[in-house]
Amino acid sequence: MSTTLHQQLEAYVTRNNFPAESWDARGLRPSDDDVQQEMQQSVVSFVRHLQSVLRTAAPGSSELTAAVQSFLEEWDTDDFDTEEREFLYDVACDIMREVGVKPEDIQV
């Protein structure tokens, strides 16, 4: 994995992926802090999974796409409401694009 890609993925780990202005832009009231922290942890889990796969798979490869598909099939998002899940999946789609996986190739 390139240094640049590693830095791009780490940015999702260290920043707030669910800032108040993003909730406002969606016309939503922000979820409670503890829920947002759980959402952030879900993003971190996704990034860590991608980083582990990227040790052996190339960005954009079919192997990486399959690993994303598998992760998302197992991703436990049942504790989030519909709007929270949609927000979480939108962030996941941004991350997928960073690593060369087309969200439209993923079926969940």
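Conventions and cut-offs
- Residues numbered from 1 in each chain as written.
- Predicted model: local features only at pLDDT ≥ 70, side-chain atom pairs only at ≥ 80, totals over all residues.
- Heavy atoms only, no water.
- Axes fitted to C-alpha atoms, helices over the stretch in contact; angles between N-to-C directions.
- Helix = DSSP H or I, 4+ residues; strand = E, 2+ residues; numbered from the N terminus.
- Parallel < 35°, antiparallel > 145°, perpendicular 65-115°, else oblique.
- Left-handed = near helix turned anticlockwise from the far one by under 90°.
- Contact = heavy atoms within 4.5 Å.
- Nonpolar A, V, L, I, M, F, W, Y, C, P; charged D, E, K, R; others polar.
- Core = buried A, V, L, I, M, F, W, Y, C linked by side-chain atoms within 4.5 Å.
- Buried < 20%, exposed > 50% of the residue type's maximum accessible area, 1.4 Å probe, protein only.
- Salt bridge = Lys/Arg side-chain N within 4 Å of Asp/Glu carboxyl O.
- Lys, Arg positive; Asp, Glu negative; His and termini not counted.
- Polar contact = N/O pair within 3.5 Å; in protein donor to acceptor, adjacent residues only side chain to side chain.

Any chance you could explain the packing of helix α3 (residues 33-53) against helix α4 (residues 62-74) here in plain terms?
Interhelical geometry of α3 versus α4 gives an angle of 150° and a closest axis separation of 10 Å. Considering their axes alone, α3 and α4 lie roughly antiparallel with respect to each other. In this structure, α3 meets α4 at a crossing whose hand is right-handed. Between α3, through Ser 45, Phe 46, His 49, Leu 50 and Val 53, and α4, the contact on the second element is made entirely by Leu 64, Ala 67, Val 68, Phe 71 and Leu 72. For the contact of α3 with α4, the residue count by class is 8 nonpolar, 2 polar and no charged.

How do you make sense of the nonpolar core when you look at a structure like this?
One recurring pattern in soluble globular proteins: nonpolar side chains tend to sit buried together. Residues Phe 46, Ile 95 and Met 96 are the most contacted members of the largest nonpolar core, which totals 33 residues. The leading source of residues in this core is α3, at 8 residues. Contacts of Met 96, omitting those with residues within four sequence positions, involve Phe 46, Val 68, Leu 72, Val 101, Pro 103 and Ile 106.

Teacher, can you tell me more about the pattern of salt bridges here?
For side chains bearing opposite charge, pairing can occur when the charged atoms are close. Following the criterion strictly, the structure yields 3 salt bridges and no others. Across the pair Glu 10 and Arg 48 runs a salt bridge, and its minimum N-O distance is 2.4 Å. Highlighted residues: Glu 10 in helix α1 (residues 3-14) and Arg 48 in helix α3, separated in sequence by 38 residues. Between Arg 26 and Asp 90 there is a salt bridge, and its shortest N-O distance comes to 2.4 Å. Of this pair, Arg 26 sits in the loop between α2 (20-25) and α3 while Asp 90 sits in helix α5 (residues 82-98), and the two are 64 residues apart along the sequence.

In this structure, what is going on with the packing of α3 against α5? I would like to understand it.
Each pair of packed helices can be described by the angle between their axes along with the distance between the axes. Closest axis-to-axis distance for the α3/α5 pair is 11 Å, and the angle between their directions is 30°. On the basis of their axis angle, the class for α3 and α5 is roughly parallel. The two elements α3 and α5 meet at a crossing, and its hand is right-handed. Of α5, the residues touching α3 (which contributes Val 35, Met 39, Ser 42, Val 43, Phe 46, Val 47 and Leu 50) are Glu 84, Phe 87, Leu 88, Val 91, Ala 92, Ile 95 and Met 96.

Whenever I open this one, the side chain of Glu 84 confuses me. Can you help?
Along the chain, Glu 84 turns up in helix α5. Lacking a salt bridge, the buried Glu 84 has Arg 85 as its closest oppositely charged neighbour, with an N-O distance of 6.9 Å. Here Ser 31 takes part through its side chain, which lies 2.4 Å from a polar atom of the side chain of Glu 84. For Glu 84, the contacting residues outside a window of four places in its chain are Trp 23, Ser 31, Val 35 and Met 39.

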